[in-house]
2 protein chains.
Amino acid sequence: MLETRDLLIEIGTEELPPKALRKLSESLTQELGQRLQAAGLAYGSLTGYGAPRRLAVWVQELTVSQPDRVLERRGPALTAAFDEEGRATAAAQGFARSCGVPVDELESLESEKGAWLVYRQRQQGAPTRELLPDILAQSLQALPIPKRMRWNNLPVEFIRPVHWLVLLFGDETIPAELLGVQANRETRGHRFHHPAPLYLAEPAAYGPLLETEGKVLADFFVRREAIYAQVVEAAKQLDGDALVEEALLDEVTGLVEWPVALAGRFEPDFLQLPEEVLIATMQDHQKYFPVRDGQGRLMPYFITVCNIESEQPEAVVEGNERVIRPRLADAAFFYATDRKESLASRCGKLKKITFQEKLGSVFERTERLAQLARSIAISMGGNGDWAERAGLLSKCDLVTEMVTEFPELQGIMGRYYALRDNESGEVAEALREQYLPRFAGDRLPGTPTGQALSLADRLDTLVGLFGIGEPPSGDKDPYGLRRAALGVLRIIIEAELGLDLRLLLERGCQAYGGRLTESNTAAQVHDYLLERLRGYYLEAGFRPDEIEAVLVLKPGQPWDFDRRLKGVASFRELPEAESLSAANKRIRNILRKSEEKIPPQVEPELLQDPAERALATQMYDLEQEVSPLLERQDYQAALRALASLRGAVDRFFDEVMVMVEDPTLRANRLALLDRLQTLFLRVADISRLQN
Amino acid sequence: MLETRDLLIEIGTEELPPKALRKLSESLTQELGQRLQAAGLAYGSLTGYGAPRRLAVWVQELTVSQPDRVLERRGPALTAAFDEEGRATAAAQGFARSCGVPVDELESLESEKGAWLVYRQRQQGAPTRELLPDILAQSLQALPIPKRMRWNNLPVEFIRPVHWLVLLFGDETIPAELLGVQANRETRGHRFHHPAPLYLAEPAAYGPLLETEGKVLADFFVRREAIYAQVVEAAKQLDGDALVEEALLDEVTGLVEWPVALAGRFEPDFLQLPEEVLIATMQDHQKYFPVRDGQGRLMPYFITVCNIESEQPEAVVEGNERVIRPRLADAAFFYATDRKESLASRCGKLKKITFQEKLGSVFERTERLAQLARSIAISMGGNGDWAERAGLLSKCDLVTEMVTEFPELQGIMGRYYALRDNESGEVAEALREQYLPRFAGDRLPGTPTGQALSLADRLDTLVGLFGIGEPPSGDKDPYGLRRAALGVLRIIIEAELGLDLRLLLERGCQAYGGRLTESNTAAQVHDYLLERLRGYYLEAGFRPDEIEAVLVLKPGQPWDFDRRLKGVASFRELPEAESLSAANKRIRNILRKSEEKIPPQVEPELLQDPAERALATQMYDLEQEVSPLLERQDYQAALRALASLRGAVDRFFDEVMVMVEDPTLRANRLALLDRLQTLFLRVADISRLQN
């Protein structure tokens with residue numbers, strides 16, 4: 001057992017970016033652990049700490065040195081190393097000299113392949129304390145920091161200026177200079193509560209000392225849980241339930257060293273504002289947590305988390321109340337002002353807003369959306385008028401006071417204002433739903449009008465950008481086309497819409513009139529969508545060959561694709577699948593290789609062999625049976641029915657020779673196989689399935 | 001995978017006994033874990049919390065119910081259950097009736113031994129929430145609480161009155177009443193800082209919420225580390241090193257919910273007091289941590305850990321300084337007073353103190369100790385006069401003011417006062433050393449006089465109590481005789497003293513004159529000491545048979561025992577050991593079974609067989625070789641030499657018949673074996689070794 005000690009590393013900085021803190025802390029712990037292992041330094045456990053002004057790692061039971069290693073250098077063969085009388089030859093002496101030892105310190109290495117002179121050097125493992133500064137420097141270099149900064153004219157850079165560094169290994173400071181500071185064993189407490197240095201008795205003391213004396217809860221996850229618990233507890237004191245969003249919780253955790261949740265209130269009158277406005281004001285602008293009552297209605301309270309334990313919490317609360325009041329008053333003013341003018345009346349203002357330099361104004365865009373949404377709605381069996389109206393109004397809220405102030409309320413305010421203008425309810429809803437889904441896993445639009453508008457919005461963007469030669473490339477996707485494509489597919493598939501992409505894309509192109517500079521835009525976007533479709537299903541757990549079997553048909557309807565794919569996935573579980581897939585491969589090869597023209601019809605009277613007659617008969621019956629299933633898009637049932645062909649197909653290949661001398665017979669048999677292949681291809685190319 | 005949730009259990013009490021807290025908390029965690037497992041309830045991890053007013057356990061990922069079980073009840077054999085036509089017999093119908101099901105719901109159980117009708121009942125696992133109240137009640141009942149109390153006329157009892165109970169399972173309170181309170185999901189914070197209830201968002205919130213809002217660091221070990229770190233840090237601020245004893249650290253951890261270390265000072269004049277007095281005053285009386293400077297000298301500072309974060313820490317420090325000043329002044333006064341009178345002059349006062357009712361006064365005891373220590377010292381080659389003087393003075397400090405106030409300073413003050421009286425340095429040192437070792441693993445007296453006095457003290461106690469019929473029995477050992485016995489053995493063995501226990505015990509008995517009522521006291525105590533010796537070596541890792549091989553010799557000298565034992569342990573590693581041990585067993589059996597008288601000498605002319613002659617010759621040579629080794633007590637070398645007999649002994653048993661017809665020849669061979677056995681027994685009875 002090698003001796004071990006605990007290690008503590010802390011980098012004290014100026015305030016770190018709160019949204020990046022969690023990732024930074026996790027990365028440092030991970031990078032450090034990997035490098036310790038790579039250096040052969042074993043340890044018991046790693047604990048990472050991350051607070052607004054520090055990143056730290058506590059390594060428990062870290063070995064004090066690398067294990068010793070034996071280096072082996074092979075010299076001449078034993079037969080060449082000693083003469084008949086056992087004296088070292090010149091070769092042996094030369095080798096010994098090159099190793100810097102006398103011949104008698106060399107050893108022999110014997111294996112099945114022979115015996116050699118060998119020099120074994122025991123190399124002592126380096127002490128951990130000497131390796132650590134480099135390991136730490138490399139770990140810091142590997143952190144995900146988009147932009148490093150310099151400070152104080154020092155020749156170093158980091159995400160923020162570094163003020164102190166702790167490198168405590170067991171009971172000793174490791175002497176090192178890193179990021180412009182000298183390592184020691186003093187941390188610092190809370191920026192206001194305990195700015196003075198704190199001497200660390202041992203690495204294990206770090207967390208507990210900072211917690212009690214330093215007033216810093218250094219552990220990110222404990223601090224996060226503390227904030228969550230305090231916020232919930234504070235809301236309970238008001239008989240309410242706190243509304244705690246994960247992202248805000250992470251951000252606040254990145255902002256405070258010592259969390260203290262306090263409840264404040266605002267005038268109940270403001271509750272007349274839409275709740276999204278109140279939530280946006282509290283959450284996004286002030287980093288406050290809203291409070292709901294038992295019925296889910298907002299209460300005139302908020303929970304703020306401050307970074308200081310004040311002796312006068314009332315004063316802190318009052319300060320926070322003073323800050324939010326004008327913001328809510330502003331919001332109320334915007335709301336009142338906006339409602340004086342109808343949404344529709346704002347359309348003209350959209351002319352002054354550019355959608356994309358080459359693609360014209362937002363106004364032109366809304367005209368295209370109106371047209372496209374209308375045609376989509378009609379294809380879906382929806383209300384074309386509503387969709388057209390929603391398209392026209394879709395971007396009007398962008399020029400309201402409220403959305404100018406709270407961009408995250410786009411669509412949401414559109415809905416409120418449309419309702420106020422007595423637009424139809426579904427039109428209003430569509431204004432909000434056009435932005436759904438916002439991210440992977442987000443909910444989808446629920447109304448047909450919302451679905452049509454959301455599809456139109458995404459298709460218009462895709463077609464527009466591809467049409468001026470700006471498709472996404474590599475990591476670059478400034479217009480979020482990838483997300484747009486996935487949104488299109490998800491809406492069509494999950495809402496089970498029988499829409500054809502090619503048609504929609506053609507219409508999308510037409511709507512642009514002469515603006516598009518690229519030819520073939522619809523086909524390009526279609527390929528791009530099919531590529532996304534593959535990714536979508538791979539992620540859902542389907543196998544690449546199953547997807548390929550459907551994709552080769554270049555299907556236009558995503559929902560139809562979905563049903564075919566599920567049919568194939570279910571088919572491959574059948575006992576007949578393997579044999580039929582192999583038979584289809586064979587058929588494809590035969591047909592590809594035959595250079596003659598295949599007649600369009602099978603001539604029944606030319607079928608001589610009982611096996612081919614049996615296959616043909618069963619095939620005709622199945623064509624009848626399968627047709628209605630295909631019409632219903634019940635591809636699973638269709639493939640199950642086709643599976644019954646296995647016996648006849650196997651028998652055919654066992655008993656019948658296709659490429660016979662007689663050209664008439666041969667052509668007829670090729671026609672039979674072609675017809676069989678076509679029958680399967682009406683669902684998918686099952687010859688693509690791998691075993 | 002069964003669904004899991006976190007569980008939090010907290011029992012809120014009045015202040016728990018601080019020295020018992022750690023044990024209580026660990027026991028609750030352990031008992032609960034065992035009972036959950038016994039009930040078939042799996043969990044991820046257990047975290048125990050223990051603070052002055054609470055015991056808690058956080059169980060992560062506890063399954064929400066027991067797994068389902070199948071109960072199997074066996075009925076009549078199949079042959080008896082159905083008649084020849086396959087109809088159920090009366091036996092089968094009766095069995096089915098007793099299970100409450102029709103015959104056709106019974107199944108059959110077939111094994112190699114036969115086939116039976118069987119009733120299988122799937123029993124659903126009970127929900128965890130229903131099992132928990134009982135599991136908790138049993139766990140609480142199992143806690144190591146010497147005395148339970150009752151309160152408020154409630155029909156329940158616990159170590160302290162219980163004020164609240166948390167039983168939170170996932171997001172739900174488990175409805176239960178335990179220890180007189182109703183379970184809910186509200187904990188309480190710090191007694192002064194946050195006495196109000198705190199709503200728990202979820203079990204994981206417990207620690208973080210109490211830490212930040214409740215101002216209670218509930219985790220015993222984190223709190224302990226925080227105290228340690230704060231105390232060290234506070235001492236560093238004074239350029240000193242804190243003196244932190246584990247026991248005090250545990251106790252302070254049991255006293256505070258939220259530790260805040262503060263440094264205080266006292267008048268540097270008090271540093272003239274012996275440092276043990278200062279440390280006892282700070283540590284034992286005030287629960288303060290003393291501070292040393294770089295040279296290890298005490299500084300005029302102390303670190304106190306308070307349970308409250310004061311807004312005026314200076315006032316708290318001043319209060320503490322005000323408390324310790326009079327205590328130090330008292331100590332200084334005692335010290336000055338005590339030094340006015342010599343130690344020796346206090347002997348008379350010891351006549352009024354009873355050592356033990358039947359064993360007379362402490363004064364009589366010191367006279368015995370003087371006599372016994374003198375004779376021990378002389379046996380050791382030490383100074384008898386010093387030992388006698390030390391014995392006479394040994395208990396005089398018990399009647400000084402200082403030791404009356406600080407009993408833990410007995411011996412220590414004796415030394416200071418003896419030095420002041422110009423007693424010899426080793427006499428003074430012996431006064432302190434007589435109490436060593438105080439506990440298992442404690443250091444031993446270093447001076448011969450100290451060793452003699454410590455041995456005398458322990459032997460006098462052992463002999464006295466055994467002599468009046470009060471040996472320790474079972475768990476009862478009010479005079480600490482077990483510890484005294486171990487002390488005697490450790491001093492003799494570890495200081496390598498060539499003392500004979502039997503002799504010492506005889507002298508110890510004589511010193512009591514006619515006071516002892518039991519006969520045979522010395523032998524009883526000797527047996528008791530040998531028993532302890534066995535335990536001592538078992539703990540040190542020796543094997544029972546090795547110890548037995550030496551113990552059967554009833555050795556008088558423990559140090560000699562030690563050398564023999566190590567010789568045997570080393571002998572058993574030799575390749576000859578097994579065969580020689582077996583031969584010795586055989587010899588012992590032969591000699592035991594022969595009923596004739598064995599002649600005292602081997603007659604060389606009667607040795608006929610070459611094998612017996614060879615054995616005899618080698619044996620005579622070895623007797624010569626081994627004698628000086630035994631004199632030097634080099635038993636390891638002696639056994640190594642005797643191991644060379646293996647060949648001759650094996651050959652003897654292979655070629656020579658011992659129990660021949662000829663009585664002369666037979667007697668002579670028995671005499672040879674007897675002499676061989678004796679030769680080995682001069683070291684140990686190696687026939688006892690097991691393979």
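What counts, and where the lines are drawn
- Residues numbered from 1 in each chain as written.
- Chains lettered and ligands numbered in written order.
- Predicted model: local features only at pLDDT ≥ 70, side-chain atom pairs only at ≥ 80, totals over all residues.
- Heavy atoms only, no water.
- UniProt positions renumbered as here; feature names shortened; annotations may be inferred.
- Helix = DSSP H or I, 4+ residues; strand = E, 2+ residues; numbered from the N terminus.
- Rg over C-alpha atoms; globule rule 2.2 N^0.38 Å.
- Buried < 20%, exposed > 50% of the residue type's maximum accessible area, 1.4 Å probe, protein only.
- Contact = heavy atoms within 4.5 Å.
- Areas by Shrake-Rupley, 256 points an atom, 1.4 Å probe, with all protein chains shown as cover.
- Lys, Arg positive; Asp, Glu negative; His and termini not counted.
- Charge placed at Lys NZ, Arg CZ, Asp CG, Glu CD.
- Polar contact = N/O pair within 3.5 Å; in protein donor to acceptor, adjacent residues only side chain to side chain.
- Pairing = 2+ DSSP bridges.
- Least-squares fit on C-alpha atoms with pLDDT ≥ 70 in both.
- Buried area = accessible area lost by both parts, 1.4 Å probe.
- Salt bridge = Lys/Arg side-chain N within 4 Å of Asp/Glu carboxyl O.
- Domains from an automatic or database assignment.
- Axes fitted to C-alpha atoms, helices over the stretch in contact; angles between N-to-C directions.
- Core = buried A, V, L, I, M, F, W, Y, C linked by side-chain atoms within 4.5 Å.
- Expected span 1.5 Å × (residues − 1).
- Phe/Tyr/Trp six-rings, centres within 6.5 Å; stacked < 30°, edge-to-face > 60°.
- Lys NZ or Arg CZ within 6 Å of the ring centre and 35° of its normal.

- For chain A, an unreviewed UniProt entry supplies the name Glycine--tRNA ligase beta subunit and the organism Nitrosococcus wardiae.
- One UniProt comment on chain A, placed under Subunit (unreviewed entry), says "Tetramer of two alpha and two beta subunits."
- Here is the UniProt Subcellular location (unreviewed entry) comment for chain A, exactly as written: "Cytoplasm".

Considerations on the overall build of chain A
Next up, step 1: For chain A, the helix and strand inventory stands at 25 helices and 18 strands.
Next up, step 2: Its C-alpha atoms give chain A a radius of gyration of 37 Å, clearly above 26 Å, the size a compact globule of 691 residues would have.
Next up, step 3: In terms of its C-alpha atoms, chain A occupies a principal-axis envelope of roughly 105 × 95 × 50 Å.
Next up, step 4: With 691 residues in all, chain A has 52% of them scored as buried.
Next up, step 5: A fraction of 68% describes how many contacts in chain A between residues 6 or more apart in sequence connect residues 24 or more apart.
Next up, step 6: Entry remark: accessible area of chain A is about 31700 Å², with carbon and sulfur atoms responsible for 47%.
Next up, step 7: Across chain A, the 83 positively charged side chains and the 106 negatively charged ones have centroids separated by 4 Å.

Considering the environment of Glu494 of chain A
Residues and elements named next belong to chain A.
Next up, step 1: In this fold, Glu494 is placed in helix 16 (residues 481-494).
Next up, step 2: Judged by its relative accessible area of 41%, Glu494 falls in the partly exposed class.
Next up, step 3: Along the primary structure Glu494 and Leu444 are separated by 50 residues, whereas in three dimensions their C-alpha atoms are 8.5 Å apart.
Next up, step 4: Not counting the four nearest positions on each side in its chain, Glu494 is found in contact with Leu444 and Tyr536.
Next up, step 5: For Glu494, the side chain forms a polar contact with the side chain of Tyr536, separated by 3.0 Å.

What about the sheet that holds strand 16 (residues 298-306) of chain B?
Residues and elements named next belong to chain B.
Next up, step 1: Read across the sheet, four strands follow the order 13-15-16-14 without closing on themselves; strand pairing throughout is antiparallel. Single-partner strands in this sheet number two, and they are strand 13 (241-242) and strand 14 (260-265).
Next up, step 2: Here strand 14 runs beside strand 16; their pairing, made up of six bridges, is antiparallel. From the neighbouring strand, Ala263 faces strand 16, where its bridge partner is Ile303.

A closer look at the relation of the copies chain B and chain A
Next up, step 1: Rotating chain B by 179° and moving it 0.0 Å along the rotation axis overlays it on chain A with an RMSD of 0.7 Å. This pairing of chains is accounted for by a two-fold axis. The position closest to the rotation axis in chain B is occupied by the C-alpha of Glu211 of chain B, lying 4.0 Å away.
Next up, step 2: A shared interface surface links the copies, since 100% of the contact residues of chain B are contact residues in chain A too.

Remarks on the interface of chain B and chain A
Next up, step 1: In this complex, chain B contributes 28 residues to the contact, which on the side of chain A involves 28 residues.
Next up, step 2: In this assembly, chain B packs against chain A so that about 2400 Å² is buried in total across both faces, 60% of it on carbon and sulfur atoms.
Next up, step 3: Of all residues in chain B, Tyr199, Thr212 and Glu233 of chain B bury the most surface against chain A, accounting for 24% of the area lost on that side.
Next up, step 4: Where chain B touches chain A, the interface holds two salt bridges.
Next up, step 5: Between Glu309 of chain B and Lys215 of chain A there is a salt bridge, with its nearest N and O atoms 2.7 Å apart.
Next up, step 6: Applying the counting criterion to the chain B and chain A interface returns eight residue pairs in polar contact (both at pLDDT 80 or more).

Brief notes about unusual backbone geometry
Next up, step 1: A cis amide bond, omega -10°, links Leu436 of chain A with the succeeding residue Pro437 of chain A.
Next up, step 2: With respect to the element layout, Pro437 of chain A can be found in the loop between helix 14 (425-433) and helix 15 (448-467).
Next up, step 3: In this structure, Lys215 of chain B takes a positive phi of about 60° despite not being glycine.
Next up, step 4: Mapped onto the elements, Lys215 of chain B comes out in the loop between helix 5 (206-214) and helix 6 (220-237).

Some points on the domain arrangement of chain A
Residues and elements named next belong to chain A.
Next up, step 1: One can read the domain layout of chain A as domain 1 (4-65 + 127-214), domain 2 (71-122), domain 3 (220-338), domain 4 (356-541) and domain 5 (572-688).
Next up, step 2: The centre of domain 1, based on its C-alpha atoms, is set 33 Å off from the matching centre of domain 3.
Next up, step 3: On the domain 3 side, the residues contacting the 16 residues of domain 1 number 15 residues.
Next up, step 4: Taking both sides of the interface into account, the surface hidden between domain 1 and domain 3 amounts to around 1300 Å²; carbon and sulfur atoms contribute 59%.
Next up, step 5: The partner of Glu257 in a salt bridge is Arg53, and the shortest N-O contact between them spans 3.3 Å.
Next up, step 6: Run the count over domain 1 and domain 3 and you get seven residue pairs in polar contact (both at pLDDT 80 or more).

Observations concerning the sheet that holds strand 4 (residues 69-77) of chain A
Residues and elements named next belong to chain A.
Next up, step 1: The sheet built from three strands is open, its strands ordered 4-6-5 with antiparallel pairing. With partners counted over all chains shown, the strands left at the sheet margins are strand 4 and strand 5 (107-111), one partner each. Neighbour to neighbour, the strand axes of the sheet diverge by 40° on average, direction disregarded.
Next up, step 2: In the sheet, strand 4 pairs with strand 6 (residues 114-123) via seven bridges, with the strands oriented antiparallel. Within strand 6, the position partnered with Ala77 by the bridge is Trp116.
Next up, step 3: Where helix 3 (residues 90-99) meets the sheet, it contacts strand 4 and strand 6, and its direction lies at approximately 155° from that of strand 4.

Structural notes on the side chain of Asp293 of chain A
Residues and elements named next belong to chain A.
Next up, step 1: For Asp293, the location among the structural elements is in the loop between strand 15 (289-292) and strand 16 (298-306).
Next up, step 2: Residue class for Asp293 comes out buried when judged on its relative accessible area of 15%.
Next up, step 3: In this structure the side chain of Asp293 is engaged in a polar contact, spanning 2.8 Å, whose partner is the backbone nitrogen of Gln295.

Overview of the nonpolar core
Residue and element names in this part refer to chain A.
Next up, step 1: One finds Ile376, Met402, Met413, Leu455, Leu462 and Leu645 to be the most contacted residues of the largest nonpolar core, which totals 132 residues.
Next up, step 2: Ranked by the residues each element gives to this core, the list is headed by helix 15, at nine residues.
Next up, step 3: For Met413, the contacting residues outside a window of four places in its chain are Pro274, Val277, Tyr335, Asp397, Met402 and Val403.

Overview of the UniProt feature "domain: DALR anticodon binding" (unreviewed entry) in chain A
Next up, step 1: Residues given the UniProt feature "domain: DALR anticodon binding" (unreviewed entry) here are residues 586-689 of chain A.
Next up, step 2: Helix makes up 65% of residues 586-689 of chain A and strand 0%, with an end-to-end C-alpha separation of 13 Å.

Let's talk about helix 21 (residues 577-593) of chain B
Residue and element names in this part refer to chain B.
Next up, step 1: Its 17 residues give helix 21 an end-to-end C-alpha distance of 24 Å, which sits within 8% of 24 Å, the value for a rise of 1.5 Å per residue.
Next up, step 2: Within helix 21, burial applies to Ala577, Ser579, Leu580, Ser581, Ala583, Asn584, Ile587, Ile590 and Leu591.
Next up, step 3: Here the buried face of helix 21 lies against helix 20 (558-571), helix 23 (635-642), helix 24 (646-655) and helix 25 (663-681).

A few points about the packing of aromatic side chains
Next up, step 1: Tallied over the full model, the rule gives 21 aromatic pairs over all chains.
Next up, step 2: The rings of Tyr536, Tyr537, Phe542 and Phe561 of chain A are connected pair by pair, giving a single aromatic cluster.
Next up, step 3: The side chain of Lys351 of chain B reaches across the aromatic face of Phe363 of chain B, ending 4.8 Å from its centre.

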